[in-house]
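Chain by chain, the residues:
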Amino acid sequence: MNQSKRDIRAFTKEELRRIFEENGDQAFRGNQVYEWLWQKGVHSFEAMTNLPKATREMLDKHFVINHIKVDVMQRSDDGTIKNAVRLHDGLLVESVLIPTDTRTTACVSSQVGCSLNCSFCATARLKRMRNLLPDEIFDQVRVIDEQSKAFFGRPLSNIVFMGMGEPLMNYNNVLKAIDKITSAEGLGMSAKRITLSTSGVPKLIKKMADDEVKFKLAVSLHSAIDSVRTSIMPFNEQFPLSELREALQYWYQKTKNRITYEYVVWKGINDQRKDVEALIKFCKFAPSKVNLIEYNPIDDGEFQQADSRALTLYQTMLEEAGITVTVRHSRGKDIDAACGQLANKTTKN
């Protein structure tokens, strides 16, 4: 990559208009370029066919489009698709298309590696290399939308920020990407079909509420007992449950959107009645629902899926407490595409 060239997708539409004006061209060329980049998703200036040849040559001389490339695409027996995505600087992330009978969901990454250190997650064992840029996040969604149409005959219906990385540790770029995804000048998707999943960074949950975001919030909770949560999610020591609870109450007060708690039950860790009681108490602070998620092993056997009796205990007690609960069976396990398994196994750096 020519380091002297700037990525043209880093500019706003207004900045593009100014660039053309300063080069003695007409400002509306900036609108045309912006449309090619975000609505049509082209990867070269040559493809911008309504621009004069001289304009395309000028753009090619001074700018670059750092689009992603799918290095490896794998298809699971259940239809799930996993993409190993190569970034312009050679780094890799993974994204997943999850199909059901009624929807197709994109699970997208926000960081190369992860900023946090959850001991049950394969991604957390990777060194965090850098945050993804807004266009790199956007590109993952566009690619999966195209795959959804090609393989399932329908456009992408939902997006979850549950791939590699902690989205709130890349706050500005994630929100910029969502703005592009939901804009009529981008993919035009409804913000209500987007869920941001966080391990829980209290001050940034409050910031999201203050920024009046329209997407949904999910929290990877896994225990409502501080000592247990810290043992499996060590950053909980810096962001304890009391602070997380306060932030979530603030979120609900500002947005009136209920919170989803993602919760894996492990054998010998959080599979006792006291664990369920603590979760029920935590759920009562603000309207919420619980997704009990099947655990997906990451090779070393340190964590084991709890037996069915523990899951039944959770489900029964939560329902008796009036809390909506769903048991989620993971998809794409045979290609390491399920929750917690994304770790760039497909391609060597």
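About the criteria used
- Residues numbered from 1 in each chain as written.
- Predicted model: local features only at pLDDT ≥ 70, side-chain atom pairs only at ≥ 80, totals over all residues.
- Heavy atoms only, no water.
- UniProt positions renumbered as here; feature names shortened; annotations may be inferred.
- Buried < 20%, exposed > 50% of the residue type's maximum accessible area, 1.4 Å probe, protein only.
- Helix = DSSP H or I, 4+ residues; strand = E, 2+ residues; numbered from the N terminus.
- Arc of directions from axis to C-beta.
- Contact = heavy atoms within 4.5 Å.
- Phe/Tyr/Trp six-rings, centres within 6.5 Å; stacked < 30°, edge-to-face > 60°.
- Lys NZ or Arg CZ within 6 Å of the ring centre and 35° of its normal.
- Pairing = 2+ DSSP bridges.
- 1 Å grid on protein atoms, 1.4 Å probe; cavity = no way out; pocket = protein on both sides within 12 Å on 5 of 7 lines; lining within 4 Å.
- Points joined across faces, edges and corners; volume = space filled by probe spheres on them.
- Nonpolar A, V, L, I, M, F, W, Y, C, P; charged D, E, K, R; others polar.
- Domains from an automatic or database assignment.

The protein chain appears in an unreviewed UniProt entry as Probable dual-specificity RNA methyltransferase RlmN from Capnocytophaga leadbetteri. Note on the protein chain: under the UniProt heading Sequence similarities (unreviewed entry), the record states "Belongs to the radical SAM superfamily. RlmN family."

Re helix H1 (residues 13–22)
Within H1 the residues assigned to the buried category are Lys13, Leu16, Ile19 and Phe20. When H1 is viewed along its axis, its buried side chains cluster within an angular range of 115° and face the same direction. Packed against the buried residues of H1 are helix H2 (28–38), helix H3 (53–62) and strand S2 (63–64). Note on H1: the residue one or two positions beyond its end, Gly24, has a positive phi of about 75°.

Structural notes on the packing of aromatic side chains
This structure, assessed with the given rule, holds 10 aromatic pairs. Between Phe11 and Phe63 the ring centres are 5.7 Å apart and the planes differ by 90°, which places this aromatic pair in the edge-to-face class. One end of the pair, Phe11, is in the loop between strand S1 (6–7) and H1; the other, Phe63, is in strand S2, with 52 residues separating them in the sequence. Across the pair, exposure class does not vary: Phe11 and Phe63 are buried alike. The interplanar angle of 85° and the centroid separation of 4.9 Å between the aromatic rings of Trp38 and Phe138 together place this pair among those described as edge-to-face. Taken together, the positions of Trp38 in helix H2 and Phe138 in helix H4 (residues 134–152) put the pair 100 residues apart, joining distant regions of the chain. For the pair Trp38 and Phe138, a shared accessibility class is recorded, and that class is buried. In textbook terms, an aromatic cluster arises when at least three aromatic residues are bridged by ring pairs, as seen for Tyr34, Trp38 and Phe138. Lys180 extends its terminal NZ or CZ atom over the ring of Trp38, reaching a point 4.8 Å from the ring centre. Above the plane of the ring of Phe285 lies Arg245, whose end atom (NZ or CZ) is 4.4 Å from the centre.

Some points on the pairing of strand S5 (residues 92–99)
For S5, the tally of buried residues reaches seven of eight residues, placing the bulk of the element in the interior. Relative to S5, strand S4 (residues 81–86) runs antiparallel, the two sharing six bridges. Each residue of the ladder has a partner; that of Asn83, found in S5, is Ser95. Linking S4 back to S5 in an antiparallel pair, the connection comprises five residues, with Gly90 at a positive phi of about 90°. Where S5 lies against strand S6 (residues 104–107), four bridges are found, and the strand directions are antiparallel. Bridging across to S6, Val96 finds its partner in Cys107. Taking the residues that link successive antiparallel strands as the turn, the S5-S6 hairpin has four residues.

Digging into the UniProt feature "binding site: S-adenosyl-L-methionine" (unreviewed entry) in the protein chain
As recorded in UniProt, the sites labelled "binding site: S-adenosyl-L-methionine" (unreviewed entry) are Gly165, Glu166, Ser197, Ser220, Leu221, His222 and Asn296. Residue position: Gly165 is located in the loop between strand S9 (158–161) and helix H5 (171–182). Within the element layout of this structure, Leu221 appears in the loop between strand S11 (216–220) and helix H7 (226–232). Residues within four places of Leu221 in sequence aside, it is in contact with Arg229, Met233, Leu241, Leu244, Tyr261, Glu262, Tyr263, Leu279 and Phe282.

Regarding the layout of surface pockets
Considering only enclosed or pocket space, the second largest pocket measures out at about 300 Å³ in volume. In terms of lining, the second largest pocket is formed by 15 residues, of which the most central are Arg9, Ala10, Pro134, Asp135 and Lys176. Tallied by class, residues from the lining of the second largest pocket come to five nonpolar, four polar and six charged. Two domains share the lining of the second largest pocket, each providing at least three of its residues, namely domain 1 (6–64) and domain 2 (69–335).

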